[in-house]
Number of protein chains: 2
Amino acid sequence: MSAMTAPQSAAESAANISADHPGVNELFALLAYGEVAAFYRLTDEARMAPDLRGRINMASMAAAEMAHYDLLRDALQARGVDVVPAMSRYASALENYHRLTTPSTWLEALVKTYVGDALAADFYLEIADVLPDEVAAVVRGVLSETGHSQFVVAEVRAAVTTSGRQRSRLALWSRRLLGEAITQAQYVLAEHDELVDLVLAGPGGLGQVADFFDRLQRTHADRMAELGLD
Amino acid sequence: MSAMTAPQSAAESAANISADHPGVNELFALLAYGEVAAFYRLTDEARMAPDLRGRINMASMAAAEMAHYDLLRDALQARGVDVVPAMSRYASALENYHRLTTPSTWLEALVKTYVGDALAADFYLEIADVLPDEVAAVVRGVLSETGHSQFVVAEVRAAVTTSGRQRSRLALWSRRLLGEAITQAQYVLAEHDELVDLVLAGPGGLGQVADFFDRLQRTHADRMAELGLD
């Protein structure tokens, strides 16, 4: 996970939002669908793996998504919410993101895995900053760095060091991933008032949303450098 | 997991086989490939699920396979063996089993999940009975009932109660699953002398192998009854 700025402490923000804010259930449901969608996409894209080791790495990452899903399902259940109907509301945005970013090579699949995972984590951790402690703890637990995507860095760096063409191609690909992620995030916010309320209830308010998209682009740039794509 | 007969205690058998028997690495490698193959097959077959809940159940089962794989990889690593090259030797038998038992409906996929999982568990637990305690513990740990396939029972029973045609069709399907599993198990034994040595080194010797295939058919019949397919 890249370093991130924390605009305010959990203690400050906890004063603003209560744990039973309706946006909290929506956030957990969105995250839950994201985990299941990522599970199936990773296993699909693993078909492009050149060898058994690659397929195993992708399967391990996919399995980690389901462990995260279990945490979210339990958290929603504790709040009296049935996860499946709640998460179904986020199907279209997440399926659209994956449909519009279907990789055509193994390297594109690797970059998507790494960047997509990190972007999602940034997005959710930023939201966690404005949540009450107990809710933020669930979000941070789910999205804690598991180290599963580290195998990607070595493989992508090796490929782009030896081929300038691969490097330009993957740099373009990663910009497309960022663009589609931002587009879908905006759709999700436009269609789910409770989530917007949740974000706006934070101490930064509306200005914070604009800053958020700026920060997302900066952390994305850091990650491109990590992969040798800057 | 069905009840099983334990032909002899671990203490008796431990006298016969040492933990560094070369068949132990082979057994762990075979199990490891089985877990990864099952992971990808479950996620493939989940495409036939009629709804999100079915896809989530299949994804949870697949994720459990990868947790088992991690245990086996660690056990092999502790024995100085690199899991990936070791497991590759079992690719053909396991891929053949899955290729020859590709379900064509969601109910067939469910029955395959339940029966295939249980057959594999029987097979490996029988072998565990002739292993030294420390090795048997790894095998039993990996194959311990996780309860993930219990959702299958209700869904299959409901379908076969209302349709005699489904019942005959799935009963036939489950006999085919058993037949292919036994065929592939025999291929594996024929091609891997260390595994045969491991089984024959047990107190029952050759007679035990014949008894084993008998018991496999009996426990399979119990499971058919559980699914309403007797």
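Look a little higher up for the structure.
In this report, we go over the structure that sits alongside the text. Along each chain, residues carry numbers from 1 onward, in the same order as the chain's sequence is written. Key to labels: chains lettered from A, ligands numbered from 1, both in the order written. Local features in this predicted model are restricted to residues of pLDDT 70 or higher, and side-chain atom pairs are both shown and tallied only at a pLDDT of 80 or more, whereas totals for entire chains, interfaces and linings draw on every residue. Water and hydrogen atoms play no part in the side-chain values, which are based on all heavy atoms of the structure.

**Here we look at the relation of the copies chain B and chain A**
And then number 1: Copy-to-copy superposition: least squares on the C-alpha atoms, limited to residues that have pLDDT of at least 70 in both copies. Between the two copies, chain B and chain A, the superposition gives an RMSD of 0.0 Å; the rotation angle is 180° and the shift along the axis is 0.0 Å. The symmetry that links the two subunits is that of a two-fold axis. It is B:Ala63 whose C-alpha, among those of chain B, lies nearest the rotation axis, at 2.1 Å.
And then number 2: By definition in these notes, contact holds between two residues if any of their heavy atoms fall within 4.5 Å. Comparing interface residues between copies, 100% of those in chain B also sit at the interface in chain A, which points to an isologous, same-surface contact.

**What to know about the interface of chain B and chain A**
And then number 1: If you look at the interface, chain B gives 25 residues, while chain A gives 25 residues.
And then number 2: Together, the buried faces of chain B and chain A total about 1,900 Å²; carbon and sulfur atoms form 67% of this surface.
And then number 3: Simply put, the buried area is the total loss of 1.4 Å probe accessible area from both parts when two parts are fitted together. By the criterion of area lost to chain A, the three top residues of chain B are B:Tyr40, B:Leu52 and B:Ile56, representing 29% of everything that side buries.
And then number 4: Any Lys or Arg side-chain nitrogen found within 4 Å of a carboxyl oxygen on Asp or Glu counts as a salt bridge. If you look at where chain B meets chain A, you find four salt bridges.
And then number 5: Among the salt bridges present, the one from A:Asp82 reaches B:Arg53, with a minimum N-O distance of 3.2 Å.
And then number 6: N or O atoms closer than or at 3.5 Å make up a polar contact, with two conditions inside protein: a donor-capable atom paired with an acceptor-capable one, and, for residues adjacent in sequence, both atoms drawn from side chains. For the pair chain B and chain A, the interface holds six residue pairs in polar contact (both at pLDDT 80 or more).

**So, the packing of aromatic side chains**
And then number 1: Stacked, edge-to-face and tilted are the three classes for Phe, Tyr and Trp ring pairs, Trp counted by its six-membered ring, which pair at centre distances within 6.5 Å; planes under 30 degrees apart are stacked, over 60 edge-to-face, the rest tilted. Tallied over the entire structure, the rule returns three aromatic pairs over all chains.
And then number 2: Consider the rings of A:Phe39 and A:Tyr40, whose centres lie 4.9 Å apart with planes at 85°: the pair is edge-to-face. Of the two residues, A:Phe39 and A:Tyr40, both sit in the buried class.
And then number 3: Taken together, the ring pairs in this structure connect A:Phe39, A:Tyr40, B:Phe39 and B:Tyr40 into an aromatic cluster. Whether a residue is buried, partly exposed or exposed follows from its accessible area with a 1.4 Å probe, protein chains only, as a fraction of its type maximum: under 20%, in between, or over 50%, in that order.

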